[in-house]
Amino acid sequence: YAPVFVLFQCPQDMHETSRVINYMQEKSSVIFRMCRPQEMLSLVSQFDLLIGMRLHSLIFSAMSQVPMLGISYDPKIRAFMKKIDQPCLNVNEGLVSQKLRTVLEKILADKEKVRINLEAKRKGAYDQALLNFDIFFDHLKPGRKLQKTKK
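Residues numbered from 1 in each chain as written. Predicted model: local features only at pLDDT ≥ 70, side-chain atom pairs only at ≥ 80, totals over all residues. Heavy atoms only, no water.

Examining the side chain of S57
Phase 1 of the analysis: On the secondary structure map, S57 appears in helix 3 (residues 55-63).
Phase 2 of the analysis: You can call S57 buried: its relative accessible area is 5%.
Phase 3 of the analysis: Residues contacting S57, with those up to four places away along its chain left out, are F8, L50 and G52. (Helix = DSSP H or I, 4+ residues; strand = E, 2+ residues; numbered from the N terminus. Buried < 20%, exposed > 50% of the residue type's maximum accessible area, 1.4 Å probe, protein only. Contact = heavy atoms within 4.5 Å.)

Below, the structure written as structure tokens:
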């Protein structure tokens, strides 16, 4: 595998990316430019595996059915990974290299199963979004009065 770092908050993410690269023995690449969401989605869809700390990287990975590992520094990362039944390690608990390796090996060994599960989760999320729009538009039907909410 050839590591590729994709900066979702460029240039803020470059400092930490540089720190990680300095520890690495493998050659890696960095995509150091702002990408539009569609470009980023297209890029992520080409990956075999994504290790992400940014929520949008994990969302793009899930949308593309790319196996992933979340690295959580924020509860929203853990919550998203739990919702889609994908593994997540917590930065505050320390990232021991052997634990990281074990989790990554499991993800890669099960990558076709992961892709199928992500497709099912994607379909479920899409159906839920459609239902939410249906409910929203049902409340905006002509002649229907909107109810005031009590404070």
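Re the packing of aromatic side chains
Phase 1 of the analysis: This model, assessed by the stated rule, comprises 2 aromatic pairs.
Phase 2 of the analysis: For the pair F8 and F60, a centre-to-centre distance of 6.0 Å together with 45 degrees between the ring planes defines the contact as tilted. Of the two residues, F8 is situated in the loop between strand 1 (4-6) and helix 1 (14-23) and F60 in helix 3; the sequence distance between them amounts to 52 residues. In terms of burial, F8 and F60 fall into one category: buried. (Phe/Tyr/Trp six-rings, centres within 6.5 Å; stacked < 30°, edge-to-face > 60°.)

Describing the side chain of N90
Phase 1 of the analysis: Topologically, N90 is positioned in strand 5 (residues 88-90).
Phase 2 of the analysis: Look at N90 and you get buried, because its relative accessible area is 14%.
Phase 3 of the analysis: A polar contact of 2.9 Å, which involves the side chain of N90, links it to the backbone nitrogen of N92.
Phase 4 of the analysis: For N90, the residues in contact, after removing those within four places along its chain, are S72, R78 and L95. (Polar contact = N/O pair within 3.5 Å; in protein donor to acceptor, adjacent residues only side chain to side chain.)

Details of the layout of surface pockets
Phase 1 of the analysis: Counted as a void, the largest pocket has a volume near 1,800 Å³.
Phase 2 of the analysis: P3, F5, V20, M24 and I51 are, among the 37 residues lining the largest pocket, the residues nearest its centre.
Phase 3 of the analysis: The leading source of residues in the lining of the largest pocket is helix 5 (residues 97-109), at 7 residues.
Phase 4 of the analysis: Its residues assigned to classes, the lining of the largest pocket comprises 23 nonpolar, 6 polar and 8 charged.
Phase 5 of the analysis: In this structure, the second largest pocket occupies an estimated 390 Å³ of space.
Phase 6 of the analysis: Lining the second largest pocket are 15 residues, and of these K121, R122, G124, A125 and Y126 lie nearest its centre. (1 Å grid on protein atoms, 1.4 Å probe; cavity = no way out; pocket = protein on both sides within 12 Å on 5 of 7 lines; lining within 4 Å. Points joined across faces, edges and corners; volume = space filled by probe spheres on them. Nonpolar A, V, L, I, M, F, W, Y, C, P; charged D, E, K, R; others polar.)

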